[in-house]
Amino acid sequence: DPRGTYTCETESRKKRSLQVHYRMCQNCIEVDAPTISGIVITDVVATVFLAIAVYCITGQDKGHMSRGEGRPPLTALGWGQ
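Residues numbered from 1 in each chain as written. Predicted model: local features only at pLDDT ≥ 70, side-chain atom pairs only at ≥ 80, totals over all residues. Heavy atoms only, no water.

### Some thoughts on the overall build of the protein
Scanning the protein from terminus to terminus reveals 1 helix and 2 strands. When the elements of the protein are put in sequence order from the N terminus, they spell out β-β-α. Within the span of the protein, comprising 81 residues, buried residues form 0% of the whole. Within the structure as shown, the protein displays about 8,200 Å² of accessible surface, and the carbon and sulfur contribution to it stands at 58%. (Helix = DSSP H or I, 4+ residues; strand = E, 2+ residues; numbered from the N terminus. Buried < 20%, exposed > 50% of the residue type's maximum accessible area, 1.4 Å probe, protein only. Areas by Shrake-Rupley, 256 points an atom, 1.4 Å probe, with all protein chains shown as cover.)

### Focus on unusual backbone geometry
The backbone of Arg13 shows a phi angle near 65 degrees, a positive value even though the residue is not glycine. Topologically, Arg13 is positioned in the loop between strand S1 (4-9) and strand S2 (15-20). A relative accessible area of 66% means that Arg13 is categorised as exposed.

### Side note on the pairing of S1
The pairing of S1 with S2 spans 6 bridges and is classified as antiparallel. Paired with Tyr6 across the two strands is Leu18, which belongs to S2. In sequence, S1 turns back onto S2 through a hairpin of 5 residues, with Arg13 there showing a positive phi of about 65 degrees. (Pairing = 2+ DSSP bridges.)

### Description of the UniProt feature "transmembrane region" (unreviewed entry) in the protein
The positions UniProt marks with the feature "transmembrane region" (unreviewed entry) are residues 36-57. Strand forms 0% of residues 36-57 and helix 100%; the C-alpha atoms that close the span are 32 Å apart. (UniProt positions renumbered as here; feature names shortened; annotations may be inferred.)

### Description of a nonpolar patch on the surface
A surface patch of nonpolar side chains, amounting to about 950 Å² of accessible area, comprises Ile29, Val31, Ile36, Val40, Ile41, Val44, Val45, Val48, Phe49 and Ile52. Note that Val40 resides in helix H1 (residues 33-58). Overall, the relative accessible area of 46% leaves Val40 in the partly exposed class. (Patch = residues over 30% accessible without salt bridge, like charges linked within 9 Å, V, L, I, M, F, W, Y side chains within 5 Å. Salt bridge = Lys/Arg side-chain N within 4 Å of Asp/Glu carboxyl O.)

### Quick word on the pattern of salt bridges
All chains considered together, the criterion is met by 1 salt bridge. With a closest N to O distance of 3.2 Å, Arg13 and Glu9 form a salt bridge. Residue classification places Glu9 among the partly exposed residues on the basis of a relative accessible area of 42%.

### Some words on the confidence of the model for the protein
Considering every residue of the protein, the mean pLDDT works out to 79; 72% of them sit at 70 or more. Of all the helices and strands in the protein, S2 carries the lowest mean pLDDT, 84, while H1 carries the highest, 94. (pLDDT = per-residue confidence, 0-100.)

### Considerations on the environment of Thr58
Counting through the fold element by element, Thr58 comes out in helix H1. Within polar-contact distance, the side chain of Thr58 engages the backbone oxygen of Val54 at 2.9 Å. Of the polar contacts made by the side chain of Thr58, one reaches the backbone oxygen of Tyr55; its length is 3.3 Å. (Polar contact = N/O pair within 3.5 Å; in protein donor to acceptor, adjacent residues only side chain to side chain.)

Listed below in structure tokens is the structure:
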């Protein structure tokens, strides 16, 4: 651990001290501007593809009739009165 106070004695017997604060990160990675921009662009592209997929999947039900469509209402059959 390189942290601590270091003392140096010169030829004229003057003592000089230096205090060192050092912080180490053993599992750190360097993140630079191209890496961050790549992550942002990938996120935007993935979001667009997901939105297109959801739009295509939900757009397939437009041509189908619902269960109640095309049947007369229950009041016309004499029910529900």
